Amino acid sequence: MITVEVQMAEDTAPAGMPRLDRLDREECLRLISPGGVGRVAFNNPTGPVILPVNYTIEQGAVLFRTALGGPMDADLRTGIEGADFMVAFEVDHIDESTREGWSVLVRGGAHHITGDVHKNAVESWAGGDRPLYIRISPNEVSGRRIQHA
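First things first, this report covers the structure right here in the doc. (Residues numbered from 1 in each chain as written. Predicted model: local features only at pLDDT ≥ 70, side-chain atom pairs only at ≥ 80, totals over all residues. Heavy atoms only, no water.)

Inspection of the secondary structure assignment puts Thr66 in strand 4 (residues 61-66). Sequence-distant contacts of Thr66, that is, excluding residues within four places in its chain, are made with Met72, Arg130, Pro131, Leu132 and Ile134. (Helix = DSSP H or I, 4+ residues; strand = E, 2+ residues; numbered from the N terminus. Contact = heavy atoms within 4.5 Å.)

The following block contains the structure:
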């Protein structure tokens, strides 16, 4: 018996089946530009960490705030001028009723912001004192959308 394996491209699917489409950089940034909640992924001395943050998009970069002395303060400082930790940032939108949605991934260097920052740029749902602003400057922006054909 001969077995033939058929591989379908991400953007093709039989009628009625979900289709997974790649999103270009501009569409990804458009989708996440309203801000909201995303997740920052990074390595710390004990291993991988993923934390939710409230964010906004400012001049094509992700901006969020956090507490001084917290994990993203200490773990995202290299101690070397001009050197950044690489992080991943993800935002999803899922409509469970239609089983459709999208996911955007931003990868880049995390920069602690010093100097003037618009103080109302990011509202933190968690409350508490969160005076430290961190900007992720994207090196790579990618995304996918799942929809039914």
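A general trend in soluble globular proteins is that nonpolar side chains are found buried together. Formed by 25 residues in total, the largest nonpolar core has its most connected members in Ile32, Val40, Phe64, Met72, Phe89, Val104 and Val106. Breaking this core down by element, the ones donating at least two residues are helix 1 (25-32), strand 2 (36-44), strand 3 (47-58), strand 4, strand 5 (85-95), strand 6 (100-113) and strand 7 (132-148). Beyond its immediate chain neighbours, meaning those up to four positions away, Phe64 contacts Val40, Val53, Asn54, Tyr55, Met72, Val122, Leu132, Tyr133, Ile134 and Ile136. (Core = buried A, V, L, I, M, F, W, Y, C linked by side-chain atoms within 4.5 Å. Buried < 20%, exposed > 50% of the residue type's maximum accessible area, 1.4 Å probe, protein only.)

Summarising the sheet, strand 5 and strand 6 pair through eleven bridges and their orientation is antiparallel. Of the residues in strand 6, the one forming a bridge with Asp95 is Glu100. The turn joining strand 5 and strand 6, which pair antiparallel and follow one another in sequence, is formed by four residues; a positive phi near 60° is taken by Arg99. Bridge count for strand 6 against strand 7 is 13 bridges, and the pairing is antiparallel. The residue of strand 7 that forms the bridge with Trp102 is Arg145. (Pairing = 2+ DSSP bridges.)

So, about the environment of Tyr133. Along the chain, Tyr133 falls in strand 7. Its relative accessible area of 3% is what places Tyr133 among the buried residues.

Should their charged atoms come close, side chains of opposite charge can pair. In the structure shown here, the tally under the stated rule is seven salt bridges. A salt bridge links Asp92 to Arg39; the nearest nitrogen and oxygen atoms lie 2.4 Å apart. Pair noted here: Asp92 is in strand 5 and Arg39 is in strand 2, with a separation of 53 residues, a long-range link. Arg107 is paired through a salt bridge with Glu140; the nearest N and O atoms lie 3.1 Å apart. In this pair, Arg107 is assigned in strand 6 and Glu140 in strand 7, connecting sequence segments 33 residues apart. Shared partners join several salt bridges into a network, and the residues in it are Glu27, Arg30 and Arg145. (Salt bridge = Lys/Arg side-chain N within 4 Å of Asp/Glu carboxyl O.)

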